[in-house]
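Tertiary structure, described
Here is how the chains run, residue by residue.
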Amino acid sequence: MSGHTTLPEHERELLHKAVRLQWVSLFVMALVVTSVGLVAGQSQAMRTAFAEDALALLPPIVFLVGVWRTGKSRDPDHPYGHHRAIGAGHLVAAVTLLVLGASLVWNGASGLVKGEHPPIGVFSFAGVTVWAGWLMIVVMAIVMVPPMILGRLKMKLARPLHDKVLSADADMNKADWTTGAATIAGVTGIGFGLWWADSVAAILVSLSILWDGWKNIREAVRDLLDARASEIDSAEPHPLVDKLRDEADRTDWVDRATVRVRDMGHVFHSEVMVVPRRGVDPTVDQVEELRRRCQELDWKTDDTVVVVMHHLPKELVPPDQSSTSGTNT
Amino acid sequence: MGTRTWLALVAALLVLLPGCTEPDFPRDPEGTLLRAMGGELRVGVSENPPHTEVADDGSVSGEEVEIIQGWADSIGAEVAWSDGAESVLMERLKLGELDIVIGGLASDSPWTTHAALTRPYAEVNGPDGKPSKLVIAVLMGENALQSSLERFLISEGLEP
């Protein structure tokens, strides 16, 4: 089997890298969550920060579960394979982002409306007494570094792997470190007697987190509804969609062709519909040959079927082609 | 911003840390500590012997009264005492009519909505026999005031 559910060598290596990265991510973020939990103490605000940090553990978990699931090969019970696990994971990660953003906006706004003045006292250790705000700033500056690095590494892998969970998780890491930066700005502001600084800073960064969450949810739902396959962070057709149609159009016995391509997560499921030239009845070998060329276009188009028909389904023909197909029928 | 920039920032903060203290940093949003230094410190006392006691003539005494008096002396503040029920004093603290409330408050008391509770200064056995940590209530978010009091508690060796 040319591998309907397994990836080619290079991509498999990238995926291994991503899996390793996510285990590191889980470990580091668990460490971060624990340390924030330890300095949180009784403070309600810090407890919220703790809960928000804990949310960041969810995307790596759904990624690892998804990868485990996609590793299974297709069978009669799962004729399309298990790649949709990536799509489901993308939705989970996207909702997590939105929840995080909403929680930040809510806490920031209610703090402002109620006029809450956050109390921060002193911290004493081994005979040295400093304002606890300094400690928070230092802890935040340190815990910001891992998500900054991890997020960038994940984004680099997400595109070649066409893994939207990974890209949503990179957005999550970005949300993490920007919230950390907001906390630093907020606590510094509080130190200067600006009680509203923390809330305002939180609301400012939460807007970009909300946007990322919304964008990812829209994209995840699009993919789950089998919308035309697109690149990460884009609604434009994936370049492979056109390439598949061109491949069919270039075939000498093909008169007209259209394709529908859906994103299963990592890989696509593509149907190439072709109308043969008048008077030509393509042989099974000819059809198989076209299918093989389509499969070989890219590792994502491995699961491609070719359907030969008299008329292309009208709704599936893009408007720019409908005129030519209209004259020939 | 690069990772290296951040590490430099962290290092800079570590160097700057001990340099700043109240009342300049942290600063009070309402400037309470600055006002109390060389002025008046408004303290509410809710009776809870032996931490606080209120005599018939309104004069106050007890461990916590002594702590506050010592701190007020150290920052050059004149204390204006007022006594009352804990809930009334807490409401007045929330409204900003008082700066401090004492009365043998426990660190797990539910007054965190009305006041900032200091770090615990002692541990005693509560009415249920379980250990309970004693704290002092400070005007919410007046971080210079709170830090100054907490610094005084630590310097006096008042730690559980």
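Residues numbered from 1 in each chain as written. Chains lettered and ligands numbered in written order. Predicted model: local features only at pLDDT ≥ 70, side-chain atom pairs only at ≥ 80, totals over all residues. Heavy atoms only, no water.

As named in an unreviewed UniProt entry, chain B is Amino acid ABC transporter substrate-binding protein, taken from Tessaracoccus rhinocerotis.

Named according to an unreviewed UniProt entry, chain A is Cation transporter originating from Tessaracoccus rhinocerotis. Per UniProt, the comment on chain A under Subcellular location (unreviewed entry) is "Membrane". What UniProt states about chain A under its Sequence similarities (unreviewed entry) heading is, verbatim, "Belongs to the cation diffusion facilitator (CDF) transporter (TC 2.A.4) family." (UniProt positions renumbered as here; feature names shortened; annotations may be inferred.)

A separate point is the overall build of chain A. When helices and strands are tallied, chain A shows 10 helices and 5 strands. Taken over the C-alpha trace, chain A has a radius of gyration of 26 Å; the compact-globule value for 329 residues is 20 Å, which it surpasses by more than 25%. Here the C-alpha coordinates of chain A stretch approximately 95 × 40 × 30 Å along the principal axes. Look at the contacts in chain A between residues 6 or more apart in sequence, and 69% of them connect residues 24 or more apart. (Helix = DSSP H or I, 4+ residues; strand = E, 2+ residues; numbered from the N terminus. Rg over C-alpha atoms; globule rule 2.2 N^0.38 Å. Contact = heavy atoms within 4.5 Å.)

A separate point is the packing of helix 5 (residues 132-161) of chain A against helix 6 (residues 164-191) of chain A. All names here are of chain A. Look at helix 5 against helix 6: their axes get within 7 Å of each other, and the N-to-C directions meet at 160 degrees. Comparing the axis directions of helix 5 and helix 6 gives the class roughly antiparallel. Handedness of the helix 5/helix 6 crossing: left-handed. Of the residues assigned to the contact of helix 5 with helix 6, the class counts are 18 nonpolar, 7 polar and 4 charged. (Axes fitted to C-alpha atoms, helices over the stretch in contact; angles between N-to-C directions. Parallel < 35°, antiparallel > 145°, perpendicular 65-115°, else oblique. Left-handed = near helix turned anticlockwise from the far one by under 90°. Nonpolar A, V, L, I, M, F, W, Y, C, P; charged D, E, K, R; others polar.)

All names here are of chain A. With respect to the helices and strands, the residue Asp-263 is situated in strand 3 (residues 254-265). Classification of Asp-263 by relative accessible area gives buried; the value is 2%. Measuring from C-alpha to C-alpha, the distance between Asp-263 and Ala-202 comes to 35 Å, with 61 residues separating the pair along the chain. Beyond its immediate chain neighbours, meaning those up to four positions away, Asp-263 contacts Arg-84, His-162, Lys-164, Asp-223, Ala-227, Ala-229, Ser-230 and Phe-268. A distance of 2.8 Å separates the side chain of Asp-263 from the backbone nitrogen of Gly-265, its partner in a polar contact. (Buried < 20%, exposed > 50% of the residue type's maximum accessible area, 1.4 Å probe, protein only. Polar contact = N/O pair within 3.5 Å; in protein donor to acceptor, adjacent residues only side chain to side chain.)

All right, on to a positive patch on the surface then. On the surface, Lys17(A), Arg20(A), Arg152(A) and Lys156(A) cluster together into a positively charged patch. Mapped onto the fold, Arg20(A) is located in helix 1 (residues 9-40). (Patch = residues over 30% accessible without salt bridge, like charges linked within 9 Å, V, L, I, M, F, W, Y side chains within 5 Å. Areas by Shrake-Rupley, 256 points an atom, 1.4 Å probe, with all protein chains shown as cover. Salt bridge = Lys/Arg side-chain N within 4 Å of Asp/Glu carboxyl O. Lys, Arg positive; Asp, Glu negative; His and termini not counted. Charge placed at Lys NZ, Arg CZ, Asp CG, Glu CD.)

Here a ring pair, both rings aromatic, is described through the centre-centre distance and the interplanar angle of the planes. Going through the model one piece at a time under the given rule, you end up with 3 aromatic pairs over all chains. Ring centres 5.3 Å apart and planes at 35 degrees place the aromatic pair Trp134(A) and Phe25(B) in the tilted group. One end of the pair, Trp134(A), is in helix 5; the other, Phe25(B), is in the loop between helix 1 (3-16) and helix 2 (32-36), on a second chain. Across the pair, exposure class does not vary: Trp134(A) and Phe25(B) are buried alike. Both rings, one in Phe192(A) and one in Phe25(B), keep their centres 4.8 Å apart while their planes meet at 75 degrees; by these two values the pair is edge-to-face. Here the residue Phe192(A) occupies a position in the loop between helix 6 and helix 7 (197-224), and Phe25(B) occupies one in the loop between helix 1 and helix 2, the pair thus bridging two chains. Take Phe25(B): its relative accessible area is 7%, and that puts it in the buried class. Ring pairing ties together the aromatic residues Trp131(A), Trp134(A), Phe192(A) and Phe25(B), which thus form one cluster. (Phe/Tyr/Trp six-rings, centres within 6.5 Å; stacked < 30°, edge-to-face > 60°.)

Since there are 3.6 residues in each turn of an α-helix, residues three or four apart along the chain are aligned in direction. Residues and elements named next belong to chain B. Look at helix 5 (residues 143-155): 18 Å from first C-alpha to last across 13 residues, which is about the 18 Å you get at 1.5 Å a residue. In terms of residue burial, helix 5 counts as a mostly covered element, since 11 of its 13 residues are buried. When helix 5 is considered as a whole, its buried residues turn out to be Asn-143, Ala-144, Leu-145, Gln-146, Ser-147, Ser-148, Leu-149, Glu-150, Phe-152, Leu-153 and Ile-154. Once helix 5 ends, the next one or two residues include Gly-157, with phi positive near 75 degrees. (Expected span 1.5 Å × (residues − 1).)

Proximity of charged atoms lets side chains of opposite charge pair with each other. For the coordinates displayed, the defined rule picks out 24 salt bridges over all chains. Residue Arg35(B) pairs with Asp99(B) through a salt bridge whose shortest N-O separation is 2.5 Å. Linking Arg35(B) in helix 2 with Asp99(B) in the loop between helix 4 (86-94) and strand 5 (100-106), this pair joins segments that are 64 residues apart in sequence. Classification of Asp99(B) by relative accessible area gives buried; the value is 0%. If you follow the salt bridges from partner to partner, you end up with Lys164(A), Glu219(A), Asp223(A) and Asp263(A) in one network.

Turning our eyes to something else, we now look at the UniProt feature "transmembrane region" (unreviewed entry) in chain A. In the UniProt entry, the feature "transmembrane region" (unreviewed entry) is given for residues 21-42, 54-71, 91-109 and 129-150 of chain A. Secondary structure across residues 91-109 of chain A comprises 100% helix and 0% strand; the distance between its end C-alpha atoms is 27 Å.

Moving on to the nonpolar core. Ranked by size, the top nonpolar core spans 38 residues in total, and within it Leu41(B), Ile68(B), Trp71(B), Ile100(B) and Ile136(B) carry the most contacts. Looking at this core, the elements that each hand over two or more residues are helix 2, strand 1 (40-45), helix 3 (63-75), helix 4, strand 5, strand 6 (115-117), strand 8 (131-139) and helix 5 of chain B. Filtering out sequence-adjacent residues up to four positions away, Trp71(B) remains in contact with Leu41(B), Ile100(B), Leu145(B), Ser148(B), Leu149(B) and Phe152(B). Judged by nonpolar contacts, the second largest core, of 31 residues, contains Leu7(A), Leu97(A), Leu100(A) and Trp299(A). (Core = buried A, V, L, I, M, F, W, Y, C linked by side-chain atoms within 4.5 Å.)

Our focus in this paragraph is a nonpolar patch on the surface. Residues and elements named next belong to chain A. On the surface, Leu-112, Phe-192, Leu-194, Trp-196, Val-200, Leu-204 and Leu-207 cluster together to form a nonpolar patch covering roughly 610 Å² of accessible area. Tallying contributions element by element places helix 7 first for the nonpolar patch, with 3 residues. The exposure class assigned to Phe-192 is partly exposed, which follows from its relative accessible area of 42%.

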